[in-house]
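Architecture and fold: a report
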Amino acid sequence: MMQAIATTRISILRGTTTDAYGDEQDTDTPVASGVPAALTEQSRRVTTRDDPTPRIVRYTVARVPAGTDIQDQDRVRDERTGAVYIVDAVSSMANPAATADLRLDLRRTT
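None of these values were measured; they are calculated from a predicted model.

Turning our attention to the environment of valine 57. Following the sequence through the fold, valine 57 ends up in strand S5 (residues 55-64). With 12 residues separating them in the primary sequence, valine 57 and arginine 45 have C-alpha atoms 6.4 Å apart. Contacts of valine 57, omitting those with residues within four sequence positions, involve Gln42, Ser43, Arg44 and Val46.

Structure, rendered in structure tokens:
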């Protein structure tokens, strides 16, 4: 059971193959589908010492139920919009009273 309120359902894609030139390509092999998820797109102003011009960086965070089979570098497809994201990190907060949702740091690819 999820603690966050699901806003969509996702498919988890995993696997690679090699093309005729020997380059690695992602495959769209689903590991799971219909997984409830809470997707949130956020933005942040970023500056650096070298370039003080502010830039807007957009990123997406998702929460999925604890125990979901998902790993770094998997891909996630939003079943509602068709958008595909790469999973940059999977983490969970420690909670002695209940099993916490998994937090996914996502980067949009399409």
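Here the narrative resumes, following the displayed structure.
Moving on: the nonpolar core. Counting 15 residues, the largest nonpolar core has Ile10, Val64, Ile70, Val76, Leu104 and Leu106 as its most contacted members. Only strand S1 (8-13), strand S4 (30-46), S5, strand S7 (84-92) and strand S8 (102-108) provide two or more residues apiece to this core. If we skip the residues at most four places from it in the chain, isoleucine 10 touches Ala32, Ser33, Gly34, Val35, Ala37, Val64, Val76, Arg77, Asp78 and Glu79.

We now examine the side chain of threonine 8. Checked against the element boundaries, threonine 8 lands in strand S1. Given the relative accessible area of 8%, threonine 8 is considered buried. Polar side-chain contacts of threonine 8 include one of 2.6 Å to the side chain of aspartate 78. If sequence neighbours within four positions are ignored, threonine 8 has contacts with Val35, Pro36, Ala37, Leu39, Asp78, Glu79 and Arg80.

Reading guide: rules and limits
- Residues numbered from 1 in each chain as written.
- Predicted model: local features only at pLDDT ≥ 70, side-chain atom pairs only at ≥ 80, totals over all residues.
- Heavy atoms only, no water.
- Helix = DSSP H or I, 4+ residues; strand = E, 2+ residues; numbered from the N terminus.
- Contact = heavy atoms within 4.5 Å.
- Core = buried A, V, L, I, M, F, W, Y, C linked by side-chain atoms within 4.5 Å.
- Buried < 20%, exposed > 50% of the residue type's maximum accessible area, 1.4 Å probe, protein only.
- Polar contact = N/O pair within 3.5 Å; in protein donor to acceptor, adjacent residues only side chain to side chain.

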